[in-house]
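# A closer look at the structure
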Amino acid sequence: MRKLGKKYVEASKKVDKQNVYSAEEAIKLVKETAITKFDSTVEVALNLNLDTKKADQQLRGSMVLPNGTGKTKRVLVIAKGAAAEAAKAAGADFVGDTDMIEKIEKENWFDYDVIVAAPDMMAQLGKIGRVLGPKGLMPNPKTGTVTMETGKAVEDIKKGMVEYKTDSYGNVHTIIGKVSFDDAKLMENLAFVVSTIVKAKPTVVKGKFIKNISISSTMGPGIKVDQNSFDK
């Protein structure tokens, strides 16, 4: 059992674990319970009524937060020709094709946060899937990172695109911003995430879809959020 730090223990005293807070109250509280010296990231966790052992009940996708994430991601684009030029024009940090794949393979190079790839490059990129997969860097059509529209993908990522994927327990975790964001921006991002996940509900799922919602800051305590706070 991990030993809880003094700051965490003090912050936790401000949160009633039995209480479910309105979204507005939860956002105020997540700021009050931030314990890091740096600008903490605020995350949301949604527990969903899904049987993830079934292929048609696994969620994976991406969304562009209305107010961004508070962090600019470095984007590598693997493409040729017009797709490569579009990526450069959109502000990709690195653009190339087989030369970039070789660099990753031979130099163990990871100075980027996201890879976008044109579909015709996926066969070659797949050869280093064993390297990219464990780091969560392998592009995927479901998250919009395998596309011929490389320029749009780069723009979306720079604006604040986040990916989401259910874990084996039916939970989805994603970022909604930074503690330094004003309350309205965090609220808008949170509401956008909830509505996006609701829209992604598989048709085979009956009854209540979201079991519970909680938010937390980096290393801070979890705060339960009342689902009635959102116009779903």
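Shown above is the structure to which this text applies.
Conventions used here
Residues numbered from 1 in each chain as written. Predicted model: local features only at pLDDT ≥ 70, side-chain atom pairs only at ≥ 80, totals over all residues. Heavy atoms only, no water. Helix = DSSP H or I, 4+ residues; strand = E, 2+ residues; numbered from the N terminus. Rg over C-alpha atoms; globule rule 2.2 N^0.38 Å. Contact = heavy atoms within 4.5 Å. Areas by Shrake-Rupley, 256 points an atom, 1.4 Å probe, with all protein chains shown as cover. Lys, Arg positive; Asp, Glu negative; His and termini not counted. Charge placed at Lys NZ, Arg CZ, Asp CG, Glu CD. Pairing = 2+ DSSP bridges. Axes fitted to C-alpha atoms, helices over the stretch in contact; angles between N-to-C directions. Buried < 20%, exposed > 50% of the residue type's maximum accessible area, 1.4 Å probe, protein only. Arc of directions from axis to C-beta.

## Looking at the overall build of the chain
- Along the backbone of the chain there are eight helices and nine strands.
- In terms of overall dimensions, the chain is globule-like: its C-alpha atoms have a radius of gyration of 19 Å, near the 17 Å expected for 232 residues.
- Along the first, second and third principal axes, the C-alpha set of the chain runs to 55 × 45 × 35 Å.
- Long-range contacts, defined here as pairs at least 24 residues apart, represent 72% of the contacts in the chain between residues at least 6 apart.
- As displayed, the chain has an accessible area near 12400 Å², and 50% of this comes from carbon and sulfur atoms.
- One way to put it: in the chain the 37 positive side-chain charges average out to a point 6 Å from where the 29 negative ones average out.

## Side note on the sheet that holds strand β5 (residues 114-117)
- The parallel open sheet is built from three strands, whose spatial order is β4-β3-β5. The open sheet has two edge strands, β4 (94-96) and β5, and neither has a second partner. Shown here is a sheet whose adjacent strand axes are inclined to one another by a mean of 15 degrees, direction ignored.
- Here four bridges tie strand β3 (residues 75-78) to β5, and the two strands are oriented parallel to one another. Bridge pairing in β5 places L76 opposite I115.
- Strands β3 and β5 of the sheet are contacted by helix α7 (residues 150-159), whose axis makes an angle of about 165 degrees with β3.

## A look at helix α3 (residues 81-89)
- All of the buried residues in α3 are A83, A84 and A87. Angularly, the buried residues of α3 cover 100 degrees about the axis, an arc narrow enough to put them on a single face. Turned more than 90 degrees off the buried face of α3, the exposed positions are A82 and A89.
- For α3, the secondary structure elements touched by its buried residues are β3, β4 and α7.
- Phi for G91, located one or two positions after α3, is positive at around 100 degrees.

Geometric descriptors of this kind do not, in isolation, establish any biological role.
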